[in-house]
Amino acid sequence: MPKFSAIMPCYNAEKSLGTSIQSVLEQTCEDWELICFNDGSTDATPRLLECWAKEEPRIRVIHSENRGPAVARNFAASQATGDILCFLDADDLWCSEKLEELCEVFQDQTVGGAFGEVIFCDEPGEELTRSIVPNERLSLPLLMGENVVCTMSNFSLRRELFLEHGGLAQGFVHNEDLEWLMRLTGLGVVIQPISSPHVWYRKSSGGLSSDLIAMVRSRRQALRTARFFGYEPKPADEARYLRYLARRALRLDQGAEIARSFAVAGLKQSPMAFLCPARRGVATALASLLAPVIPSAMRRKFFS
């Protein structure tokens, strides 16, 4: 059995699929299998996946009607044989030493899951900014403001814990990863941060994550899980989440009024939490208030 099972849901991913798969092939740790779940694609994705599988015996392909990314990830994970499940979206890339670094982290048998830094980019190799990895293991309080893991492409979990605690909730359109992380940490799973880059994340203004109002609604669903474990969001948590949404509105060119409304609401919740650290908070507040007179290209550049 392989050490790692990489899980890749694929839906109409013909343009980015090749480079994403190539990033798995280029891992310095070669002890892996890649399970690609074709989620009802209508473009060339199914044909391309079969070509990759013929060339590389470690790649398996599952074809299905369109059922959504949560179902795709859960089913592919249920078919995995590796000790550790790692997830990769078909438009993201792994850094070449990701699996090698995970090998070292998972030598500690108390560690159930792990994540690293995310490099945000328009195209791989063109870094815009990076995620901030906390200095402590993941906890429910850390998740109440923002999802510090950022993307499923950045998350790894022991397969035995997936089988024991279940996978992603299937009733979500957004934030199903946040709810899962809340559930796992609430159940006592130790999720270890790693202070090195693991993922290149391609930014897109047209993806699901650009639907900000739907993100707000789905976060409310995720918070039900936090409440089950006795955690309620504090005003500071709400302020940080609203700051995150304001920044997304600015860089996704969602309209000046949306960014402004998120910023005003966040400042009302907790001015200190919204404004600190200053390089994120003060800049976000000023840009949100001045958004009507800031060119959209400049907003996208500085808030990516």
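All of these numbers come straight from a predicted model, not from anything done at the bench. (Residues numbered from 1 in each chain as written. Predicted model: local features only at pLDDT ≥ 70, side-chain atom pairs only at ≥ 80, totals over all residues. Heavy atoms only, no water.)

Participant: How would you sum up the pairing of strand β1 (residues 4–10)? Please name residues and give values.
Facilitator: Most of β1 sits inside the fold, with 7 of its 7 residues counted as buried. Residues Phe-4, Ala-6, Met-8 and Cys-10 of β1 are buried on one face, and the alternating residues Ser-5, Ile-7 and Pro-9, pointing to the opposite face, are buried as well. Direction of pairing for β1 relative to strand β2 (residues 32–39): parallel, over a ladder of 7 bridges. Counted as the bridge partner of Met-8 is Cys-36 from β2. Each parallel crossover has a hand, and the one from β1 via helix α1 (residues 17–25) to β2 is right-handed. Relative to strand β4 (residues 84–87), β1 runs parallel, the two sharing 4 bridges. The residue bridging Phe-4 from the neighbouring strand is Ile-84, located in β4. (Buried < 20%, exposed > 50% of the residue type's maximum accessible area, 1.4 Å probe, protein only. Helix = DSSP H or I, 4+ residues; strand = E, 2+ residues; numbered from the N terminus. Pairing = 2+ DSSP bridges. Right-handed = clockwise from strand over helix to strand, strands pointing away.)

Participant: Lay out the pattern of salt bridges in plain terms, naming residues and giving numbers.
Facilitator: One pass over the full model with this rule turns up 12 salt bridges. Between Arg-60 and Glu-33 there is a salt bridge whose closest N-O contact spans 3.0 Å. Highlighted residues: Arg-60 in strand β3 (residues 59–64) and Glu-33 in strand β2, separated in sequence by 27 residues. Across the pair Arg-130 and Glu-117 runs a salt bridge, and its minimum N-O distance is 3.1 Å. Separated by 13 residues along the polypeptide, Arg-130 in strand β7 (residues 127–130) and Glu-117 in strand β6 (residues 113–121) bring together distant segments of the chain. Glu-117 sits in the buried class, given a relative accessible area of 15%. Residues joined by salt bridges that share partners form a network here, namely Arg-73, Asp-89 and Glu-176. (Salt bridge = Lys/Arg side-chain N within 4 Å of Asp/Glu carboxyl O.)

Participant: Pulling in residues and values, what's your account of the packing of helix α8 (residues 212–228) against helix α9 (residues 235–251)?
Facilitator: Axis separation between α8 and α9 bottoms out at 11 Å; the angle between their running directions is 155°. Classified by the angle their axes make, α8 and α9 are roughly antiparallel. α8 and α9 meet at a crossing whose hand is right-handed. Contacts between α8 and α9 involve Leu-212, Met-215, Val-216, Arg-219 and Leu-223 from the former and Asp-237, Glu-238, Tyr-241, Tyr-244, Leu-245, Arg-248 and Ala-249 from the latter. Among the residues making up the contact of α8 with α9, the classes are represented as 8 nonpolar, no polar and 4 charged. (Axes fitted to C-alpha atoms, helices over the stretch in contact; angles between N-to-C directions. Parallel < 35°, antiparallel > 145°, perpendicular 65-115°, else oblique. Left-handed = near helix turned anticlockwise from the far one by under 90°. Contact = heavy atoms within 4.5 Å. Nonpolar A, V, L, I, M, F, W, Y, C, P; charged D, E, K, R; others polar.)

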